[in-house]
Amino acid sequence: MTGLFSYPKRHLKKLVKNGDYVEALEFGKSLAEKFSKDPDYMFMMGSIYFILEDSKKAILYFEKALELKHDDIETLTLKTNAHLSLQQKDESIECCRKIIKLDPDNYEAHGLLEKLESV
């Protein structure tokens with residue numbers, strides 16, 4: 001049982017990997033204070049909320065992750081998807097542009113941006 005407390009992020013990842021999202025969310029919330037400056041923790045929590053279809057909360061965590069690590073394309077991609085699920089076109093476009101700035105060859109972001117701008 002000591003491993004659980006020695007490596008809490010590893011345990012959180014395992015819960016997510018096993019599909020125990022509600023348990024992962026509760027466990028993750030208990031780690032909030034300890035990992036408040038950890039972009040990986042923020043990404044994981046945002047991902048859990050996104051999987052559980054709470055895009056508003058997911059975006060809050062993705063934004064915190066990006067404050068700590070601005071160049072994380074994976075976080076920007078999930079943030080884009082969360083905005084899309086809330087039908088927030090302008091925010092999705094902004095995320096796509098940030099992805100392209102970081103990775104000019106990102107064909108997914110280019111394609112989505114083209115689609116969003118043509119609507």
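Residues numbered from 1 in each chain as written. Predicted model: local features only at pLDDT ≥ 70, side-chain atom pairs only at ≥ 80, totals over all residues. Heavy atoms only, no water.

The next point concerns a nonpolar patch on the surface. On the surface, Val22, Ile51 and Leu52 cluster together into a nonpolar patch covering about 240 Å² of accessible area. Within the secondary structure layout, isoleucine 51 lies in helix α4 (residues 39-51). (Patch = residues over 30% accessible without salt bridge, like charges linked within 9 Å, V, L, I, M, F, W, Y side chains within 5 Å. Areas by Shrake-Rupley, 256 points an atom, 1.4 Å probe, with all protein chains shown as cover. Salt bridge = Lys/Arg side-chain N within 4 Å of Asp/Glu carboxyl O. Helix = DSSP H or I, 4+ residues; strand = E, 2+ residues; numbered from the N terminus.)

Further remarks concern the pattern of salt bridges. Taken as a whole, this structure holds six salt bridges when the rule is applied. For the salt bridge of aspartate 38 with lysine 9, the shortest nitrogen-to-oxygen distance reads 2.7 Å. In this pair, aspartate 38 is assigned in the loop between α3 (21-30) and α4 and lysine 9 in helix α2 (residues 8-17), connecting sequence segments 29 residues apart. Exposure remark for aspartate 38: the relative accessible area of 14% places this residue in the buried category. Here aspartate 40 and lysine 9 are joined by a salt bridge, their closest N and O atoms 4.0 Å apart. Note that aspartate 40 is positioned in helix α4 and lysine 9 in helix α2, a separation of 31 residues in sequence. Here the residues in one salt-bridge network are Lys9, Asp38 and Asp40, joined through shared partners. (Buried < 20%, exposed > 50% of the residue type's maximum accessible area, 1.4 Å probe, protein only.)

Of the residues in the chain, 95% have a pLDDT of 70 or more, and the chain-wide mean is 94. No element of the chain has a lower mean pLDDT than helix α1 (residues 2-6), at 52, and none a higher one than helix α5 (residues 55-68), at 98. (pLDDT = per-residue confidence, 0-100.)

With that out of the way, let us pick up the nonpolar core. Counting 21 residues, the largest nonpolar core has Leu12, Tyr41, Met45, Ile48, Tyr49 and Phe62 as its most contacted members. Within the residue set of this core, elements represented by two or more residues are α2, α3, α4, α5 and α6 (73-85). Element by element, the count of residues in this core is highest for α4, at seven residues. (Core = buried A, V, L, I, M, F, W, Y, C linked by side-chain atoms within 4.5 Å.)

All right, on to the environment of phenylalanine 43 then. Looking at where phenylalanine 43 falls in the secondary structure, it is placed in helix α4. Considering only alpha carbons, one finds phenylalanine 43 and leucine 76, 33 residues apart in sequence, at a separation of 10.0 Å. Leave out the neighbours within four places in its chain, and phenylalanine 43 touches Phe62, Ala65, Glu74, Thr75 and Leu78. (Contact = heavy atoms within 4.5 Å.)

Attention now moves to the packing of aromatic side chains. Throughout the structure, instances matching the rule amount to three aromatic pairs. Relative to phenylalanine 62, the ring of phenylalanine 43 lies with its centre 6.2 Å away and its plane at 40°, an arrangement referred to as tilted. Taken together, the positions of phenylalanine 43 in helix α4 and phenylalanine 62 in helix α5 put the pair 19 residues apart, joining distant regions of the chain. Like phenylalanine 43, the residue phenylalanine 62 is buried in the burial classification. Over the face of the ring belonging to tyrosine 61 we find lysine 64, whose NZ or CZ atom lies 5.3 Å from the ring centre. (Phe/Tyr/Trp six-rings, centres within 6.5 Å; stacked < 30°, edge-to-face > 60°. Lys NZ or Arg CZ within 6 Å of the ring centre and 35° of its normal.)

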